[in-house]
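Reading the structure
In case you want the letters, here they are:
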Amino acid sequence: MQITVRPIEPKDLGQAVDVIVERLSAEISRSEEQRKNDRLVRYDDLKDLDKFFVFYVAEAGGKVVGTGGLQFMTHECADPHHPHTRLEMREWFTHPQYRGHHIGMRIYNRLLEDAIRTGEEFLYTASAPFPKTIELYRRLGFEDYAAPWFDGINPVMRKRIKK
């Protein structure tokens, strides 16, 4: 299977949202109504692509099968060591039917290269609260982080990327 990781284009938005919703639905049983609402929320979140530092899709046979992006985030409860912004990895997903082909790792490696080039000390993520997802982040070198902006649902993790 030929996989291409490339920057997202506006025409990819619908398929990218489908990847995210399908992946989340594979972990949590969702009604069709909930999935429809999830699509609207995710589309609304992704439609302003300029807010992302970078956003990639993985494509196989003309179909978007993976997603991931980096965004500089600001919060009212900023980290005292990084009071203005932080670099966060967001929307890193592989469509459930395409798991096992290292698509997620190919996207992650591109994101990590870009993150390192920013000069930021840490890369953050607000992980989905699924044990397998958290374990994957730990294998990639992320550590639990008691973030002041923690929403009580999605655990925040970070990885030192500045040598």
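Predicted, not measured: the structure shown is a model, and the values here were computed from it.

About the cut-offs
Residues numbered from 1 in each chain as written. Predicted model: local features only at pLDDT ≥ 70, side-chain atom pairs only at ≥ 80, totals over all residues. Heavy atoms only, no water. Axes fitted to C-alpha atoms, helices over the stretch in contact; angles between N-to-C directions. Helix = DSSP H or I, 4+ residues; strand = E, 2+ residues; numbered from the N terminus. Parallel < 35°, antiparallel > 145°, perpendicular 65-115°, else oblique. Left-handed = near helix turned anticlockwise from the far one by under 90°. Contact = heavy atoms within 4.5 Å. Nonpolar A, V, L, I, M, F, W, Y, C, P; charged D, E, K, R; others polar. Core = buried A, V, L, I, M, F, W, Y, C linked by side-chain atoms within 4.5 Å. Buried < 20%, exposed > 50% of the residue type's maximum accessible area, 1.4 Å probe, protein only. Salt bridge = Lys/Arg side-chain N within 4 Å of Asp/Glu carboxyl O.

1. Looking at the packing of helix H1 (residues 13–27) against helix H2 (residues 32–46)
Interaxial distance between H1 and H2 falls to 9 Å at its minimum, and their mutual angle equals 130°. The angle between H1 and H2 falls in the class oblique. Between H1 and H2 lies a crossing whose hand is right-handed. Contact with H1, carried on its side by Leu13, Ala16, Val17, Asp18, Ile20, Val21, Glu22, Leu24 and Ser25, involves Arg35, Asp38, Arg39, Arg42, Tyr43 and Leu46 of H2 and no other residues of that element. Taken together, the residues of the contact of H1 with H2 sort by class into 8 nonpolar, 1 polar and 6 charged.

2. What to know about the nonpolar core
Of all hydrophobic cores here, the largest spans 25 residues; its most connected members are Leu70, Met89, Leu123 and Phe142. Counting residues per element, the ones that place at least two in this core are strand E1 (3–7), strand E2 (54–60), strand E3 (63–73), strand E4 (86–94), helix H3 (103–118) and helix H4 (131–139). Broken down by element, the residue count for this core peaks at 6 residues, all from H3. Judged by nonpolar contacts, the second largest core, of 17 residues, contains Ile20, Leu49, Val57 and Val64.

3. Brief notes about the pattern of salt bridges
Applying the stated criterion across every chain yields a total of 17 salt bridges. When the shortest N-O distance is used, the salt bridge between Glu91 and Arg42 registers 2.6 Å. You can see Glu91 sitting in strand E4 and its partner Arg42 sitting in helix H2, a full 49 residues away along the chain. Take Arg42: its relative accessible area is 23%, and that puts it in the partly exposed class.

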